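Structure assessment
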Amino acid sequence: MTKIIFFELNEVTEEVFRESFSKFKYKKRLDKFIFNPTISKDKGHLSPWTTWATIHRGVTNEKHGIMDINQEIGEKESKYPTIMQSLINLGFKVGVFCSMHSASVPKENYSNYSFFIPEAFATDHHCNPKSVNNLQKLNLLMSKESARVVNKKLPKINLIIKASLSYLRHSHKLNGAISSIKQLLSEIISSWKKVRRRTLQPIILFDVYMDLLKKNKPDFSTFFTNHVASNMHRFWEAKFPDDYPNLINSNKWRKRYKNEIDNSMKATSYFLNELVDFVDKNKEFQLWILSSMGQAAVKDYKPGKSFWHIKNIQEFFSCICGKLLVVEELTQMIPHYSVKSDRETINLISDKLNSLESNAKFHIRSKTEVTISIYFETYDIEELWFKQKYNNNYLELKGIEKIEIDESTGSSAYHVPEGILYRYGNNIKKIDKKLLDENGFLETHKIKKLVEDILVVKN
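Residues numbered from 1 in each chain as written. Predicted model: local features only at pLDDT ≥ 70, side-chain atom pairs only at ≥ 80, totals over all residues. Heavy atoms only, no water.

Quick look at the pairing of strand β3 (residues 94-97) now. The alternating pattern of β3 places Val94 and Val96 on one face and Gly95 and Phe97 on the opposite face, and all of these are buried. Two elements, β3 and strand β5 (residues 220-225), share 2 bridges in a ladder whose sense is parallel. Bridge pairing links Val94 to Phe220 in β5. Here 3 bridges tie β3 to strand β4 (residues 115-117), and the two strands are oriented parallel to one another. Bridging across to β4, Phe97 finds its partner in Ile117. (Buried < 20%, exposed > 50% of the residue type's maximum accessible area, 1.4 Å probe, protein only. Helix = DSSP H or I, 4+ residues; strand = E, 2+ residues; numbered from the N terminus. Pairing = 2+ DSSP bridges.)

Here 4 strands make up an open sheet; going across it, the order is β9-β10-β13-β12 and the pairing antiparallel. Of all the strands in the sheet, the pair left with one neighbour each is β9 (328-330) and β12 (361-367). For this sheet, the mean angle separating the axes of adjacent strands, direction not counted, is 30°. Alignment of strand β10 (residues 336-340) against strand β13 (residues 371-377), held across 5 bridges, turns out to be antiparallel. Paired with His336 across the bridge in β13 is Tyr375. Along the sheet face, helix α14 (residues 343-354) touches β10, β12 and β13 and points at about 150° away from the line of β12. (Axes fitted to C-alpha atoms, helices over the stretch in contact; angles between N-to-C directions. Contact = heavy atoms within 4.5 Å.)

We now examine the sheet that holds strand β1 (residues 3-9). Across the sheet, which stays open at both edges, the 8 strands sit in the order β4-β3-β5-β1-β6-β17-β2-β18 with mixed pairing between neighbours. Two strands close off the open sheet at either side, each with one partner strand: β4 and β18 (442-443). Two strands pair when backbone bridges link them, and β1 and strand β6 (residues 285-290) are joined in this way by 6 bridges, in the parallel orientation. Across the sheet, the residue bridging to Lys3 is Phe285, located in β6. Strands in contact with helix α15 (residues 447-457) are β1, β5, β6, β17 (418-425) and β18; relative to β1, the strand with the most contacts, it is inclined by about 160°.

Under the criterion given, the structure shown has 21 salt bridges. Connected via shared salt-bridge partners are Glu19, Lys23, Lys239 and Asp262. (Salt bridge = Lys/Arg side-chain N within 4 Å of Asp/Glu carboxyl O.)

Right, let's get into a nonpolar patch on the surface. There is a patch of nonpolar side chains on the surface, built from Ile157, Ile161, Leu165, Leu168, Leu174 and Ile178 and spanning about 570 Å² of accessible area. For the nonpolar patch, the element with the most residues is helix α7 (residues 157-168), which contributes 4 residues. The topology assignment puts Ile178 in helix α8 (residues 175-189). Judged by its relative accessible area of 43%, Ile178 falls in the partly exposed class. (Patch = residues over 30% accessible without salt bridge, like charges linked within 9 Å, V, L, I, M, F, W, Y side chains within 5 Å. Areas by Shrake-Rupley, 256 points an atom, 1.4 Å probe, with all protein chains shown as cover.)

Set out below in structure tokens:
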């Protein structure tokens, strides 16, 4: 019986992946992995919440229509179920760990899975097993507090203790604990290295995933990590300066941050070595390493030194609308913000936003009957203002704060449709040419069928 480990290495390119094999200690040579380049056929703006939905649901965004985090999905959930849900329906054992949009699964369904740890954009900390709850609570807090700029402040000691006990119940080799100590010591010596906390979180979480994988051995399981992609966005110029006809940041900046992408791939090499060991000992398993798309240099990007953050979205929207609103904030990735409320409130917010001008870049990203998401980019604006389009009345803004960006970064790299699929294990066959496009790329919306053909047909 074939089983699949679905390692979701967000946005990593073939170039970055191959180079890491030449730099770090992998237990298997790259030629032991079967490689297929992939390509997203999604239309419009590419984002991970769209492209992962395409992989999971087996159709492009023209059909699944998912463009945002915490978006109301409605009838599309039953019309285009995820790989995970389809396999559950067929009686397979499935584990999910932090995959994109996993927070949209109702909590009452978590028990259907071998294990279920929702993504970092979840609105609550509930998991299966419940013993992971306190660690997830810390994970969600750290993700929110360090969404754009890493917050050096430590959480409350009570939460740290509970999260540590939760972690120790599922620690694999204590690599997360050891790495945490090393990270804190490195920050004492070089405070700028706090940016590496983004890599620390998946190291801790991976320990838990390995523990659950070994205990449950599901037929199909996922592990999602964004730690390399976030560094690629910020530090591509430092790593690949030759990609820029005109260098944008200083030599000092490039020297300081040139190893940040490598550092995140070094952590990845540990993950993959552990998974390769597991596959070698459990011959029924295959390891699939995939990204839903890639990144490439933005040659004229603008680094930012500060931005305005909506710290209290209820106050902010109440100010915009001129009345006290009742809204529920939905977790988003800055510079995106989202709320859930009743239809009347959502329509009011939409109408008011459309009637305003600002010196910030903002627009409505998506809107449903009960949710609205906005894009709100405010890099290097000294004084932020919003005013009515027709009477020039300026609003007294509330619920916002200005935050300094220590590492002076911007989107030095951004999304491109080309991605990767590496497979390792026994009985891995070449992919049927019918699933490839005219250039030999595996279209990402066909990966679900590839999984189902192997698990369902073969088993």
